Every structure is written in structure tokens, then in C-alpha cells.
Amino acid sequence: MSTERKLLIAFGAIIIAGIIAIGAFSLGVYVGEQGWTLPPPSMAGPGGKPPTGGQPPAGPAPGREPDLIGQIQSLADDSLTVRTPQGPRLVMVTEETRVLRVAEGRKEEEASLEDLQRGMGVAVFGSFGDDGRTLTAKTVVILPAPR
Amino acid sequence: MKASLRRSWPDFLIASAIFAVALAVYNATLTPSLSYRSPDGNELATIPYVLGLAHSTGYPLYTWLGKLFTFVPVGDVAHRMNLMSAVMGAAGVALLYAIMILLTQGRRLASAFTALLFAFSLAFWSQTVIAEVYAPNVFMVTLTVWLLLLWARAVKKPSSRLAEAALFCAFALSYGLSLGTHMSNLGFAPAFAIFVLLVDWRMLYRRPWVWLGGALCFILGCLQFLWLPYKASTLNDPIMLRNAPATLIGIYRYTLGAFPQFKFAFPIQSIPDRIVLYLYMLRQQFGLWGILLGLYGMGEMLARATKRFYLFVLMYLAHVFFFVQYRVFDLDVFFIPAHLLFAIFLGYGAAQLITYAESTVRSWRSTGGSGGKGRRLALLALNAALALVMALTVVGEVRANWETNDCSDDTAINDFYENVFEVLPEDSVLLGPGGVFGYDMFYWRLVYNVRPDVLMPMMARSRPSRQELAAAGPVFTTQRLTGGQRRGGPWSPPPDLVPDDAWSIPVLLGGSDQTSGHRGRELTLYRVSETPPELVVAQAQPQHAVGARLGGWELVGYDLEDEEARAGGRLHLTLYWRAVEPGAALIVTALGDTPLETHEIGFGNLPRYVQEYHPPRDGIVVEDYWAVIPSQVPAGAQTLTVALREPLRPGREGVSPIASVELTTVNLQP
């Protein structure tokens, strides 16, 4: 084996080790911050029926259905990623984003962005920005947990 | 040459079979026409027909290829554009097989497995059934990589210098052209350059005409972007017009400088989270075992095909690095090329495992002292078992992803707009979203010149004033505009086009898009009026009394104009409701098992109506509207049902109705 090839293999091995290390580190940070508990299967899961006929539980936008319904997969300072049967969807949140919680009996109560947690079912009402590919949430409704 | 052709014809046949299988599945799940699955899909279905200019980054090659497909005599123009995704996606999958054959020195089983596994992976399949750039882009990426690998093989044969030069130029041309299906392919340039240098760096000074020819061919491919200034004057989207590619700086902003807000948009502390998100998507495509096999394949490729390892790993890392930090709503589709590259590693790992298994069987048989016949039988049995396992894996993947990607019944947009253009009065005005979101409406005018008497202000480059609009005729909109429920955003009609206190009164309600993972858009036609309809009356005499309690509401009765209708047509329905325990309620009408439409009681106008007109507390809410009948409802007698539904809860499939009532039987004509 030539020296050149040995060097290439050694450098390539570092790249693979780097890929594995970055992946493992990211998973470690994620699990450290958000715990081991994986969200339950998506609302229908791959291959299942997507939610149909979703309704805003009342109030946030009369006459409108949510722009997005799913489970929170991850949270960041200015965005949340919602898991849907078709794949993750990114939703931007701002200080103006209103958060509502639907309690039992379909009563609504005010909540805050801090109340959002991974695995929660949410309905998002918002609008697309200038770029057409960023959904900014005006209202996030935390849906009741499955019974 | 003849020997080479003799050797490769079985691969040609297998690649053709893979193409046919993939195309058959894509075609069976193809969207019949327009779709909300992608935000840009309806624009990309329309622009090629009119040879216009798509949104940034322009996609010239996509536009031209699309124009060719619009001549295919199947379905409508949107269907033909969907078919283009299916055909080019299937061709890309066949090329993936060819790439794997080159990489694995003819391991057909592993190569076919890789191609089919990628073909039916969740994200890629979803893009082969709609008009979008991602499936054609996979074709261009696989074509480019295949040509590059063929060139690398030709370099080893000094006798074929002409073929080597031709392949290098073909690779460079294909790469330049691929920027017209997705500009992100530019990120592959370092990987391509390093691979070329690793394979034959002496080419730089020994045969400069080869790489100079390649550079010229790449530039030739990039010249497609002259289409942008040529067609800049056709843009009507105010957002795109801000960076119209009519000048050099405009061209830069429309292409390389497009969407700066998306790029590298996350702070460094968010990167682990983004990587986990990517790993989640990767697991969605290939499963955990697939990720492990891909990592193993990476290692094997490094040890056995080091230069090719660098090609693929650098392409992969560049793509993942860029898109992990990309901030868009529908991120999954942007990773499709990364999934393709990971599939190559996965396939390489599978090929090496098969090689090890075969050599183990060979050594075992030779240790046992059996003859050549026994060894052949053992190898045959091993390959049959592996083929069975791989086939079952692919079949399982198809079954798992079929329902999510099956759009063959998605006729909601076409059914809705065909009825819209039938019910609109003469010389009326039709408002709706603009930009890429407006092409569900613009399509009909631009492609089929439907109802030229109807004014569509959002399609024009300059918008009329409110006065001009009012003088033009009765105003309708597909987007609720009034009552404080205006959705806003740059894609919406300008707020000053209609009075702030005007009412949006639903006239025609269509089915909703059930497949996009987000709601897409309501399919409702509203009449814009300064006065509301009589939404709550003291007394009512419905044609048919019902008196059924549904949740907090009583369905007093209904009117149905005609009990004969046709699939794809509409029903004129009036529902009379009395509040028993007032509250928000979701009404769902259905014909047989097929939902017709879903709306909030009083169409969302009830709170404002009550506030402004103070109707009697025990009054009857009157909902008078047309409901679109989906064209896939089977002909014959179908039961018309009205149901009330409760809010959606996660962890449950769909939404169960609180209660429902059967109204009558509608005789549906085909």
C-alpha cells in the first residue's frame, strides 16, 4: 500500500470518526436536555392516515382550521419542530405568539412558550412569511393528551 | 467493445426493470392534477407550460424539460408535470443502480436492493408524485455522478483518451445543467474537484484540453440561466419582483443570493438539535439498521475504494452541513440528495456483507471437502435467501409508505376550481393568494384560459385600486378577507382592496387537502359583501324537517335543491340549526364514506353577526351554500350525512364524530 493511500485512509478514518462523534455528541446533548422518553408514535405514524378535519378547539381563529397539527419534536429559542406523518415541519415562534392550552371540557386557558414541551400535541395557526417557506405561529394550541 | 456490451446487457435489463417497477408504483400513486403537497407545486406545474420564470432560483432546465412533458397526451397539463417527476424519479433510481454496479464491481443483488430501497423511501417517493424539482434533480445528480465514475474508469485505460475526454465533458455539462434543477448542487463542486484530482491530477498539465473542455461544458450548462433576464419581465410575484433578475445584481440575488434568511440560520448551540432532527429524518428513510449499514459501508468504501469514498463522503457532508442549518418549513425534501448519497453507502455495505457471506460459504465448503457442485448449490441458496430478505425489506417499505404517498385520489383542488368557474357570475372579480401560492387559481387562466371575463387581480403585475375593483363587478375570494380574520402576509390580497368591515360569505365549499402534513389551504369561495346574509332567523320552514340533536346543536331541517348530482359537481344545501348548548362546533357533510366539506357552524361569521345584529337567542342559524362533490365518489345512490365532530386529539387516527344524522339519498351520476 502506498504512503499516499495510507494517508488518505487515515484521513478518511478521521472523517468517519468525526461523523460518528458529532452524531453521538448531538444525540447526547439532545437526550441530556430533553430526556430519553421518545414521543409516542406520530398521530398516525408513517403509513397511517394523516389527521383529517382538524378543528381549532375554539376561539383562536374562528372559521379556520389549524395550519399544522402534530407533536412537538424539538424546541429552540425561536422555533419548534412539529412532527407530522409527512415529516418534520419547522414553525417559527416570536414574542407575539400566543399559546393556549385546551383543558378537559374544551375550556381554553392562556399558557406561554415555556409551557411547550417535547411530545405535546399542538395545533398551530400562523402565516407564511415573505419567503413562502417559513411558517410563523400566531397561536399555538396545546391539545389535550390522549386519553 | 463487443465484450463490454455483452457484459453490460443484463445490467441494462435490470436497470430497465427497476425503472419500470418504480414508475409503475409512482404512477399508481400519482396526483391526478394540482396539489397542495408542496408550497411551490402548482407554480411548477404551470410555469413550464407557459415557458415563464419560476420562483428563485429560476429552474430553467426544469422549465424546459417540463415543457417537453406538457406534450405527452395524458391527463391535463398538471398531470403531465406530475408524470415528469415520476418518470425522472424512476430514471434516477435506474441510474442509481448503474452507479452501484460501477462501485461494487457488478454486485447486482446489492445494487438493485439499493436502488429500490431509495426509490420507495418516504421523502423521495413523496416528491415523485407531484410537480416538484426534487425528483428531476435526483436524476440530474445521479446522471452527473454516473458520468464522473465512467470517466474515472476510462482514465485507467490509456487507450481510450477520446472516450475519457468525452466522458469528462459530458460530466461537466451534466453538472452545469443540474444547477437548473436545484442550485444546491453547487455544493458538490469541492467533492467533484477533489475526486478528479485524486483520480488524475496529472491531467492538469498533461492534457489541459480535457479539463478546459470540461470547464467550457460546465459554463455551457450554466448558460441556461440567461433564461432569467430573458423572462424577468414575466414575473408577477411582488416578492420575486424585489429581486427581479433583470440586472447582474438581480441575477445574483435571484440565484446564488436567494433566500439569505434561510441559510446558516441557526446559532451554534442549536446545531446538535438540528443534527438529531436530520438523524430522525434519516431513520425515517432507512431505519436504524439502515443507518448502521450505511456507516459500515462508509468504512468499507474507505478501505476498498478510497477515492470514491472521498467523492461521496464530501458530497454528503457538504449537503448535510448546509441543510442542517437551513431554516424552512418543509425541511425533509431538501435532504433527498443526502439520502441518495447515504443509500450509496448503505448499498456498498450490503454488497460487502454479501461478498463476505459468499467467501465464508466457499471456504466452508472447501474445508468440508465437497466438490464444486455442492459449493455452487450452497452459493445459490445463499443468494436466494439474501434476495428474499432484500425483496421482503423493499416490499415492507412500499407497504409502510404507500398510504402516506398515495395521492391518486387527491382531486380536491380541481373539483373545487371547476365548480368555482361555473358558479362565478359574469364579469366578476376573483381574489386569492398571490405569488407561488396563487397558481391553483392562475393555472386555469394561464393554461386553459378559463373564464376570461373573470378578473384575477393577483395574477397581474400591477394591482387595481379598491375603486377599480368595485367598479369591475361582484367580488369573490378564495381567502377570507374580512371580520378581523384576514390571514395577512405578503401573499394575501392587499388589505385595502376591499372595505375592512366587509363580510366574507361562503358560497362554495370544497374538500380539504388531506395529504400535505399541513392543512394547505381552505377550499372555500367567499362572496365579499358589505352586508351579511340573514344568518340567524326567528322562524324557518325547511323543506325537510330533521329535529336531530348533534352535540350542543339541533339540526332542525334542511333544503336540498336537487337529489340528482354528478361526481365532481356540487350540491346546493341549506342547513337549519338551533343552539341547545351554544359553542363552537365543526360540521362535516359526507356522501357515503367520502367527506364533502368541513366548516365551523355559521362559517365563522356567527360571533360577529350576533354582536352586530343581536338576533333572537332561540333563533335558527341558516347555512346556505354549495358543497363540492369529489370526483372520486362512486356513481349510484349515496347517503348524505351531516355530523358534528369534536376537536382533534393526538394519538388518535382522524377525528370521531360526536354524532351524525343521515339526511337523504343522493343519486350520483358518473
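Here the structure is a predicted model, which is why all the values come from computation and not from measurement.

Colleague: Would you take a moment to explain the overall build of chain A for this structure?
Modeller: Scanning chain A for helices and strands turns up 1 helix and 7 strands. Scanning chain A from its N terminus toward the C terminus, one meets helices and strands in the order α-β-β-β-β-β-β-β. The buried share among the 147 residues of chain A stands at 40%. Counting only contacts in chain A whose residues sit at least 6 apart along the sequence, the fraction spanning at least 24 positions is 54%.

Colleague: Looking at this structure, how should I read the overall build of chain B?
Modeller: Across its full length, chain B holds 22 helices and 14 strands. Structurally, chain B occupies a C-alpha span of about 95 × 65 × 50 Å along its principal axes. Here chain B holds 670 residues, and 51% of them are scored as buried. Contacts in chain B between residues far apart in sequence, at least 24 positions, make up 74% of those at least 6 positions apart.

Colleague: Mind showing me how you'd approach the domain arrangement of chain B here?
Modeller: The figure often quoted for interface size is the accessible area lost as the parts come together. Residue and element names in this part refer to chain B. As far as domains go, chain B holds domain 1 (8–405), domain 2 (412–529) and domain 3 (536–669). For the side of domain 2 that touches domain 3, the secondary structure elements donating two or more residues are helix H19 (412–423) and strand E3 (503–509). Residue contributions to the side of domain 2 that touches domain 3 peak at 6 residues, all from H19. Grouping the amino acids of the side of domain 2 that touches domain 3 by side-chain chemistry returns 8 nonpolar, 6 polar and 2 charged.

Colleague: Whenever I open this one, unusual backbone geometry confuses me. Can you help?
Modeller: Most of the time, phi is negative for any residue but glycine, and the peptide bond is trans. Residue and element names in this part refer to chain B. Threonine 57 follows serine 56 through a cis peptide bond whose omega is 10°. Positionally, threonine 57 belongs in the loop between helix H2 (41–50) and helix H3 (60–69). Non-glycine residue tyrosine 59 carries a positive phi angle of around 50°. Inspection of the secondary structure puts tyrosine 59 in the loop between H2 and H3. Phi at glutamine 105 is positive, roughly 55°, even though this residue is not glycine. With respect to the element layout, glutamine 105 can be found in the loop between helix H4 (77–103) and helix H5 (108–119). On the basis of neighbour count, glutamine 105 is assigned to the exposed category, with 10 C-beta atoms found within 10 Å.

Colleague: Even after reading the chapter, I still don't get H3 of chain B, so can you show me in this structure?
Modeller: Each turn of an α-helix holds 3.6 residues, which means side chains three or four residues apart point in the same direction. For H3 of chain B, the buried fraction is high: 7 of the 10 residues fall into the buried class. Within the sequence span of H3 of chain B, burial applies to Pro60, Leu61, Tyr62, Thr63, Leu65, Gly66 and Phe69 of chain B.

Colleague: Honestly, the confidence of the model for chain A in this entry has me stumped. Any pointers?
Modeller: Caution is warranted with low-pLDDT regions, since their predicted coordinates should not be read in detail. Residue and element names in this part refer to chain A. This prediction gives chain A a mean pLDDT of 75; 71% of its residues lie at or above 70. Across chain A, helix H1 (residues 3–34) holds the top mean pLDDT of 92, while strand E5 (residues 108–111) sits lowest at 79. Counting contacts from residues 39–63, a segment whose pLDDT is below 50, to residues more than four positions away or on other chains yields 98 contacts.

Colleague: So what exactly am I meant to see when it comes to the pairing of strand E1 (residues 68–75) of chain A here?
Modeller: Successive side chains on a regular strand alternate, one facing one side of the sheet and the next facing the other. Residues and elements named next belong to chain A. Buried residues dominate E1, accounting for 7 of its 8 residues. In this structure, E1 lies alongside strand E6 (residues 121–128), joined through 4 bridges in antiparallel fashion. Note that in E6 the partner of leucine 68 across the bridge is valine 124. In this sheet, strand E2 (residues 79–84) lies alongside E1 in antiparallel orientation, the contact comprising 4 bridges. Each bridged residue has a counterpart across the sheet, and for isoleucine 72 the counterpart in E2 is valine 82. Between E1 and E2, which pair antiparallel and follow one another directly, the connecting turn spans 3 residues.

Colleague: Help me understand the pairing of E6 of chain A, please; the structure alone is not making it clear to me.
Modeller: Residue and element names in this part refer to chain A. Most of E6 sits out of view: 7 of its 8 residues are buried. Two elements, E6 and strand E7 (residues 135–142), share 7 bridges in a ladder whose sense is antiparallel. Considered in E7, the bridge of serine 127 is made with threonine 136.

Colleague: How should the environment of phenylalanine 168 of chain B be read in this particular structure?
Modeller: Residue and element names in this part refer to chain B. Mapping phenylalanine 168 onto the fold places it in helix H8 (residues 161–178). Using a count of 26 C-beta atoms within 10 Å as the deciding quantity, one classes phenylalanine 168 as buried. On a C-alpha basis, the gap between phenylalanine 168 and glycine 213 in space is 8.3 Å, while along the polypeptide they are 45 residues apart. The contacts of phenylalanine 168, once residues within four sequence positions are left out, are Trp151, Val210 and Gly214.

Colleague: Just checking my understanding: could you explain the nonpolar core for this structure?
Modeller: A general feature of soluble globular proteins is that nonpolar side chains tend to end up buried together. Grouped together as the largest cluster of nonpolar side chains are 233 residues, with contacts concentrated most on Ile18 and Ile99 of chain B. Discounting residues that sit within four places of it in the chain, isoleucine 18 of chain B has contacts with Val93, Ala94, Tyr97, Ala112, Ala115 and Leu116 of chain B.

Colleague: Would you mind going over helix H7 (residues 134–155) of chain B with me for this structure?
Modeller: The terminal C-alpha atoms of H7 of chain B, which comprises 22 residues, lie 31 Å apart, in line with the 32 Å expected from a rise of 1.5 Å per residue. Counting buried positions along H7 of chain B yields 20 of 22 residues, so the element is predominantly enclosed.

Colleague: In this structure, what is going on with the packing of H3 of chain B against H4 of chain B? I would like to understand it.
Modeller: When two helices pack together, their arrangement is captured by the angle between the axes and the distance separating the axes. All names here are of chain B. One can describe the packing of H3 onto H4 by two numbers: an axis separation of 9 Å at closest approach and a directional angle of 115°. In the crossing of H3 with H4, the sense of the turn from one axis to the other is right-handed. For the pair H3 and H4, the contacting residues are Leu65, Gly66 and Phe69 in the first and Arg80, Met81, Leu83 and Met84 in the second. Looking at the contact of H3 with H4, its residues break down into 5 nonpolar, 1 polar and 1 charged.

Colleague: What am I meant to see in the confidence of the model for chain B here?
Modeller: Residues and elements named next belong to chain B. For chain B, mean pLDDT is 90; residues scoring 70 or higher make up 93% of the total. Ignoring residues within four places in sequence, the model shows residues 514–519, a span with pLDDT below 50, making 22 contacts including any to other chains. Overall fold confidence for the complex sits at a pTM of 0.89, while the interface term, ipTM, reaches 0.85.

Colleague: Please explain the packing of helix H15 (residues 271–304) of chain B against helix H16 (residues 306–324) of chain B as it appears in this structure.
Modeller: Residue and element names in this part refer to chain B. Between H15 and H16, the least distance of the axes is 13 Å, while the angle of their chain directions is 175°. It follows that H15 is roughly antiparallel to H16 by the angle criterion. Contacts between H15 and H16 involve Ile271, Arg274, Ile275, Tyr278, Met298, Met301 and Leu302 from the former and Thr306, Arg308, Phe309, Val313, Val320 and Val324 from the latter.

Colleague: Quick question: what am I supposed to make of the environment of leucine 23 of chain B here?
Modeller: Residues and elements named next belong to chain B. In this fold, leucine 23 is placed in helix H1 (residues 2–28). Look at leucine 23 and you get buried, because 21 C-beta atoms sit within 10 Å. Spatially, the C-alpha atom of leucine 23 lies 24 Å from that of leucine 177, the residues being 154 residues apart in sequence. Sequence-distant contacts of leucine 23, that is, excluding residues within four places in its chain, are made with Ala86, Val87 and Ala90.

Quick notes on the rules
- Residues numbered from 1 in each chain as written.
- Chains lettered and ligands numbered in written order.
- Predicted model: local features only at pLDDT ≥ 70, side-chain atom pairs only at ≥ 80, totals over all residues.
- Helix = DSSP H or I, 4+ residues; strand = E, 2+ residues; numbered from the N terminus.
- Buried ≥ 20, exposed ≤ 12 C-beta atoms within 10 Å, placed from the backbone.
- Contact = placed C-beta atoms within 7 Å.
- Domains from an automatic or database assignment.
- Nonpolar A, V, L, I, M, F, W, Y, C, P; charged D, E, K, R; others polar.
- pLDDT = per-residue confidence, 0-100.
- Pairing = 2+ DSSP bridges.
- Core = buried A, V, L, I, M, F, W, Y, C linked by C-beta atoms within 7 Å.
- Expected span 1.5 Å × (residues − 1).
- Axes fitted to C-alpha atoms, helices over the stretch in contact; angles between N-to-C directions.
- Left-handed = near helix turned anticlockwise from the far one by under 90°.
- Parallel < 35°, antiparallel > 145°, perpendicular 65-115°, else oblique.

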